Amino acid sequence: MKTILVLNGPNLNMLGLRQPDVYGHETLADVEALCRRTGDESGLEIEFQQTNHEGQMIDWIHHARNRVAGIVINPGAWTHTSVAIHDALIAAEVPVIEVHISNVHRREHFRHHSYVSLVAKAVLAGLGTHGYQLAIEHLAHLNR
Ligand code: DQA
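Quantities reported herein were computed from a predicted structural model and do not represent experimental measurements. Counting of residues starts from 1 at the beginning of each chain's written sequence and follows it residue by residue. In keeping with the predicted nature of the model, local features appear solely for residues at pLDDT of at least 70, side-chain atom pairs appear and are counted solely at 80 or more, and the whole-chain, interface and lining totals rest on all residues. The side-chain numbers reported here are obtained from all heavy atoms of the structure, hydrogens and water having been left aside.

Undergrad: For this particular structure, what's the right way to read the site of the ligand?
TA: Note on terminology: near, applied to a residue and a molecule or strand, indicates that one of the residue's heavy atoms is within 4 Å of it. Residues in close proximity to the ligand include Arg 18, Tyr 23, Asn 74, Gly 76, Ala 77, His 80, His 100, Ile 101, Ser 102, Val 104 and Arg 111, which together make up its full environment. In protein, a polar contact means a hydrogen-donor-capable atom and an acceptor-capable atom, both N or O and within 3.5 Å, with residues adjacent in sequence counting only if both atoms are side-chain atoms; elsewhere, any N or O pair within 3.5 Å suffices. A distance of 2.8 Å separates an oxygen atom of the ligand from a polar side-chain atom of Asn 74. Between an oxygen atom of the ligand and a side-chain N or O atom of Ser 102, the distance comes to 2.6 Å. Using the Shrake-Rupley algorithm and a 1.4 Å probe, accessible areas are obtained, with residue cover drawn only from the displayed protein chains. Burial of the ligand by the surrounding chains reaches 98%, relative to a free accessible area of 320 Å². Most atoms of the ligand, that is more than half of them, are within 2 Å of grid points of the largest pocket. Class assignment of the residues belonging to the shell around the ligand gives a composition of four nonpolar, five polar and two charged. Using only the protein atoms, space was sampled on a 1 Å grid; points where a 1.4 Å probe fits but cannot get out form cavities, open sets with protein on both sides within 12 Å along at least five of seven lines form pockets, and lining residues are those with an atom within 4 Å of a point. Occupancy of a cavity or pocket is assigned to a molecule whenever over half of its atoms lie within 2 Å of that pocket's grid points. Residue polarity is assigned by list, with Asp, Glu, Lys and Arg as charged and Ala, Val, Leu, Ile, Met, Phe, Trp, Tyr, Cys and Pro as nonpolar; anything else, Gly included, falls into the polar class.

What follows is the structure, encoded as structure tokens:
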């Protein structure tokens with residue numbers, strides 16, 4: 001069975017608690033359950049991770065190379081700051097879908113630029129946690 005790596009960056013462990021007006025009331029455990037359900041329905045194995053440490057995120061991205069069929073990543077604030085994650089995603093050489101729960105383009109100006117979008121096959125923003133499901137379904141479609 002093919003594997004999809006779902007990666008979550010800083011502060012996403014606080015989902016459901018932080019800024020529910022922006023990010024909603026679902027927790028990261030709810031998002032993980034949704035991703036696993038979507039994986040089961042799509043015939044894909046899901047690996048689900050979250051970290052607040054950039055080096056850890058980069059190590060997981062490197063480990064994906066030649067191993068997984070795709071990466072779904074919500075890089076959190078690293079979206080707007082991290083050339084290192086951009087470079088790691090290029091090195092991984094697997095299709096990447098960038099997901100944001102909120103519509104970053106309706107928010108502060110500093111959220112309008114993404115280093116990750118430059119290397120992503122697609123970007124989903126503003127669909128809430130449904131964006132994760134759609135990203136996994138699209139990777140399933142590509143791998144059919
Ligand atoms: C986010 C948007 C980012 O700008 C922010 O730093 C996050 C979450 C989102 O899912 O909407 O932490 O990636």
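Here the narrative resumes.
Undergrad: Even after reading the chapter, I still don't get the UniProt feature "active site" (unreviewed entry) in the chain, so can you show me in this structure?
TA: The positions UniProt marks with the feature "active site" (unreviewed entry) are Tyr 23 and His 100. Spanning 78 residues, the named residues form one tight spatial group whose C-alpha atoms are at most 9.4 Å apart. For the largest pocket, the lining residues among the annotations just cited are Tyr 23 and His 100. Turning to its location among the elements, Tyr 23 is positioned in helix H1 (residues 20-23). On the accessibility criterion, Tyr 23 (10% relative accessible area) is buried. Here a residue-residue contact requires only that any non-hydrogen atoms of the pair lie within 4.5 Å. With residues near it in sequence (within four places) discarded, Tyr 23 still touches Leu 15, Arg 18, Ile 101, Ser 102, Arg 107 and Arg 111. If we skip the residues at most four places from it in the chain, His 100 touches Asn 74, Pro 75, Thr 79, Val 123, Leu 124, Ala 125, Gly 126 and Leu 127. Side chain to side chain, His 100 and Glu 98 meet in a polar contact 2.6 Å long. UniProt positions are given in the numbering used here, feature names are shortened, and annotations may be inferred rather than shown by experiment. Where helices and strands are cited, they refer to DSSP runs of H or I of at least four residues and of E of at least two residues respectively, numbered from the N terminus. The classification of residues rests on relative accessible area computed with a 1.4 Å probe and restricted to protein chains. Under 20% of the type maximum is buried, over 50% is exposed, and intermediate values are partly exposed.

Undergrad: Help me understand the UniProt feature "site: Transition state stabilizer" (unreviewed entry) in the chain in this model?
TA: Under the UniProt annotation, "site: Transition state stabilizer" (unreviewed entry) lies at Arg 18. In contact with Arg 18, other than residues within four places in its own chain, are Pro 10, Asn 11, Leu 12 and Tyr 23.

Undergrad: In this structure, what is going on with the packing of helix H2 (residues 28-42) against helix H5 (residues 130-142)? I would like to understand it.
TA: To describe two helices that pack against each other, one gives the angle between their axes and the distance between the axes. Orientation is described by axes fitted as lines to C-alpha atoms, over the contacting stretch for helices, and by angles from 0 to 180 degrees between their N-to-C directions. With their axes 9 Å apart at the nearest point, H2 and H5 run at an angle of 25° to one another. Classified by the angle their axes make, H2 and H5 are roughly parallel. At the point where H2 passes H5, the crossing takes the right-handed sense. Contacts from Val 31, Leu 34, Cys 35, Thr 38, Gly 39 and Ser 42 in H2 reach Tyr 132, Gln 133, Ile 136, Glu 137 and Ala 140 in H5. Among the residues forming the contact of H2 with H5, the class breakdown is six nonpolar, four polar and one charged. Throughout this description, any angle smaller than 35 degrees is read as roughly parallel, any larger than 145 degrees as roughly antiparallel, any in the 65 to 115 degree range as roughly perpendicular, and the remainder as oblique. Throughout, a crossing is termed right-handed when the near helix is turned clockwise from the far one, and left-handed when it is turned anticlockwise from it by less than a right angle.

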